[in-house]
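Secondary and tertiary structure notes
So you can see what is in the structure, the chains are spelled out below.
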Amino acid sequence: AGVGSAYLTAAPTTPGPMEKKGQAQSTQTTQVPDGMLSEGPLTEEDPDEQFCSSQCRSAGYCCNDYRVGSSQMVSCAQACTMRARGSRYEDMGTDRNGICKRDGQSGCRLEVNGQSYSFCQRCSDLQASCPHGVQSSDACDFGARLNPPSATAMARAGSRLLLG
């Protein structure tokens, strides 16, 4: 298959935030026009993915599939997913010199909490408000302020541990 064509493969992945060890999903691998690969589960989205995608889309952001990013910047959905996987706003916000402080020269990949994120693909949900995908670090900052289900559960668990 050449660049620009699509193909599917099934491969095991590491368990996501809502899965137990040993219960990895199959993935779908698609070659996108720029030759990079996009991987995603063949099963339904988990609650964090649904929450992040929905909240970011409602706020008018593009690139609402955390597996696909563009413009070498962190999308709203990617930032929200990072929160679901344990990142804190304090480590992410542009105003804190965090992960969100990126620009068009920041690079195509970043690993956060053991998960690799890609930022040099073409998003499938482009709109007039975001013709190139991620328009600025504002998208990341918004996503980093969201509290997806896993982040909320982690915060509650931490509070119970502190309160004894």
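An account of the accompanying structure is given in this report. (Residues numbered from 1 in each chain as written. Predicted model: local features only at pLDDT ≥ 70, side-chain atom pairs only at ≥ 80, totals over all residues. Heavy atoms only, no water.)

**What about helix H3 (residues 137–145)?**
- Taken as a whole, H3 has its buried residues at Ser137, Ala139, Cys140, Asp141, Gly143 and Ala144.
- For H3, the elements touching its buried residues are helix H2 (76–84). (Buried < 20%, exposed > 50% of the residue type's maximum accessible area, 1.4 Å probe, protein only. Helix = DSSP H or I, 4+ residues; strand = E, 2+ residues; numbered from the N terminus. Contact = heavy atoms within 4.5 Å.)

**A word on the packing of aromatic side chains**
- Under the defined criterion, the tally for this structure stands at one aromatic pair.
- Ring centres 5.4 Å apart and planes at 40 degrees place the aromatic pair Tyr61 and Phe142 in the tilted group. Residue Tyr61 is located in the loop between helix H1 (47–58) and H2, and its partner Phe142 is located in helix H3; the two are separated by 81 residues in the primary sequence.
- A relative accessible area of 21% means that Tyr61 is categorised as partly exposed. (Phe/Tyr/Trp six-rings, centres within 6.5 Å; stacked < 30°, edge-to-face > 60°.)

**A word on the nonpolar core**
- If you look at the biggest cluster of nonpolar residues, it comprises 13 residues, and the most contacted ones within it are Val74, Ala79, Met82, Met92, Tyr117 and Ala144.
- Elements represented by at least two residues in this core include exactly H2 and H3.
- With three residues, H2 is the largest single contributor of residues to this core.
- Setting aside its immediate chain neighbours within four residues, Ala144 contacts Ala79, Arg83, Tyr89, Met92 and Cys100. (Core = buried A, V, L, I, M, F, W, Y, C linked by side-chain atoms within 4.5 Å.)

**What to know about the side chain of Ser87**
- Position of Ser87 relative to the elements: it lies in the loop between H2 and strand S3 (109–112).
- Not counting residues within four places of it along the chain, the set of residues in contact with Ser87 comprises Met82, Met92, Val112 and Asn113.

**What about the pairing of strand S4 (residues 115–118)?**
- By the bridge criterion, four bridges tie S3 to S4 in an arrangement that is antiparallel. Within S4, the residue paired with Arg109 across the bridge is Ser118.
- Count of turn residues in the S3/S4 antiparallel hairpin: two residues, of which Asn113 carries a positive phi of about 50 degrees. (Pairing = 2+ DSSP bridges.)

The quantities given are spatial measurements derived from coordinates; they are silent on function.
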